[in-house]
Amino acid sequence: MLVRVTKGLALTFTGLLSGAFAYGAINLGPTFWEVPLQMRLSFHAQLMTMNSPVMQTAMVASSLSSLALAVQTHGRERLLAGGAAALTVASFFITRFGNVPINGRIKQWAVTSAPADHVEILQRWDMFNRMRTSTALIAFILLVVLAVAANGQRRKTGAEASGTAGAGRAEA
């Protein structure tokens, strides 16, 4: 029962994390390049103020629940859950050491002005964003594979058990 709850939490938190990152990468990222620079900088700075505690919480919850699932399982399930945990931790480190420093610069630019090399810096932010989105999405896929495979095993085991019981009755 505990494994099922942990699996549900890991799937939920990692799904929310990858979904939020994917929304940003697919919808917000391209939009940022189409609006005037000052609008982008102001919006980006404000978005990060709201985004920071939410996304950090999602990354920690995803990492811890995936790690807990790895501890509670064995074999292939442990490898998949451990891989998901490692990938969500990677998302955290990419964010912390890639995106966050650039976010700090963007906040400054929003109230002053962007430097001459701002396009390259913003492209680097996009690259980090794609990396963390990819790691979170792959982590989610690993957990989905784990859940689907485990569900298939339960069905197979249940069918074999009922088939064995039925055969025993027929022989009696």
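Predicted, not measured: the structure shown is a model, and the values here were computed from it.

Calculation notes
Residues numbered from 1 in each chain as written. Predicted model: local features only at pLDDT ≥ 70, side-chain atom pairs only at ≥ 80, totals over all residues. Heavy atoms only, no water. Helix = DSSP H or I, 4+ residues; strand = E, 2+ residues; numbered from the N terminus. Areas by Shrake-Rupley, 256 points an atom, 1.4 Å probe, with all protein chains shown as cover. pLDDT = per-residue confidence, 0-100. Contact = heavy atoms within 4.5 Å. Core = buried A, V, L, I, M, F, W, Y, C linked by side-chain atoms within 4.5 Å. Buried < 20%, exposed > 50% of the residue type's maximum accessible area, 1.4 Å probe, protein only. Patch = residues over 30% accessible without salt bridge, like charges linked within 9 Å, V, L, I, M, F, W, Y side chains within 5 Å. Salt bridge = Lys/Arg side-chain N within 4 Å of Asp/Glu carboxyl O. Expected span 1.5 Å × (residues − 1). Bend = angle between axes of the 7 residues up to and from the residue. Phe/Tyr/Trp six-rings, centres within 6.5 Å; stacked < 30°, edge-to-face > 60°. Lys NZ or Arg CZ within 6 Å of the ring centre and 35° of its normal. Axes fitted to C-alpha atoms, helices over the stretch in contact; angles between N-to-C directions. Left-handed = near helix turned anticlockwise from the far one by under 90°. Nonpolar A, V, L, I, M, F, W, Y, C, P; charged D, E, K, R; others polar.

Caption draft 1: Focus on the overall build of the protein. If you tally the helices and strands in the protein, you get four helices and zero strands. Secondary structure elements of the protein occur, N-terminal to C-terminal, as α-α-α-α. Entry remark: accessible area of the protein is about 9800 Å², with carbon and sulfur atoms responsible for 68%.

Caption draft 2: Region of the structure containing the confidence of the model for the protein. Taken over all residues, the pLDDT of the protein has a mean of 91, while the share at 70 or more is 87%. The secondary-structure element of the protein with the lowest mean pLDDT is helix α4 (residues 118–171), recorded at 80, while helix α3 (residues 75–111) shows the highest, at 97. Every residue in residues 166–172 is under pLDDT 50, and counting partners more than four places away or in other chains gives zero contacts.

Caption draft 3: Structural detail: the nonpolar core. In this structure, Leu 41, Ala 45, Met 48, Ile 94, Ile 102, Ile 106, Trp 109, Ala 110, Ile 121, Leu 122, Trp 125 and Phe 128 together form the largest nonpolar core, which totals 12 residues. Counting only elements with at least two residues in this core, the list comes to α2 (37–72), α3 and α4. Among the elements that take part in this core, α3 stands out by supplying five residues, more than any other. When sequence neighbours within four positions are dropped, the list of residues in contact with Phe 128 reads Ile 94, Gly 98, Asn 99 and Ile 102.

Caption draft 4: Region of the structure containing the environment of Arg 124. Structurally, Arg 124 can be placed in helix α4. A C-alpha to C-alpha distance of 8.3 Å links Arg 124 and Gly 98, two positions 26 residues apart in sequence.

Caption draft 5: Focus on a nonpolar patch on the surface. Together, Val 60, Leu 64, Leu 67 and Val 71 make up an exposed nonpolar region whose accessible area comes to about 380 Å². Within the secondary structure, Val 71 is located in helix α2. A relative accessible area of 60% places Val 71 in the exposed class.

Caption draft 6: Quick peek at the environment of Arg 105. On the secondary structure map, Arg 105 appears in helix α3. Between the alpha carbons of Arg 105 and Ile 121 there is a distance of 9.4 Å; along the sequence they are 16 residues apart.

Caption draft 7: Here's a closer look at α2. The terminal C-alpha atoms of α2, which comprises 36 residues, lie 49 Å apart, in line with the 52 Å expected from a rise of 1.5 Å per residue. The sharpest bend along α2 measures roughly 45° and falls at Asn 51, with the proline Pro 53 sitting one to four residues further on.

Caption draft 8: The packing of aromatic side chains, seen in detail. Across all of its chains, the model carries three aromatic pairs by this definition. Measuring from centroid to centroid gives 5.8 Å for Phe 32 and Phe 43, while their planes differ by 65°, and the two rings are edge-to-face. Placement of the pair is Phe 32 in helix α1 (residues 2–34) and Phe 43 in helix α2, with a sequence separation of 11 residues. Phe 32 sits in the buried class, given a relative accessible area of 7%. Taken together, the aromatic side chains of Phe 92, Phe 93 and Phe 97 make up a single cluster linked through ring pairs. A cation over a ring is seen here: Arg 96 above Phe 97, with NZ or CZ 5.6 Å from the ring centre.

Caption draft 9: Here's a closer look at the pattern of salt bridges. Taken as a whole and judged by the stated rule, the model has two salt bridges. Between Lys 7 and Glu 77 there is a salt bridge, with its nearest N and O atoms 3.7 Å apart. With Lys 7 in helix α1 and Glu 77 in helix α3, this residue pair connects regions lying 70 residues apart in the sequence. We classify Glu 77 as partly exposed; its relative accessible area is 24%.

Caption draft 10: Summary view of the packing of α1 against α3. Where α1 meets α3, the closest approach of the two axes is 12 Å, and the angle between their N-to-C directions is 35°. Between α1 and α3 the crossing geometry is left-handed. For the pair α1 and α3, the contacting residues are Lys 7, Thr 14, Leu 17 and Phe 21 in the first and Glu 77, Thr 88, Ser 91 and Thr 95 in the second. Classifying every residue of the contact of α1 with α3 gives two nonpolar, four polar and two charged.

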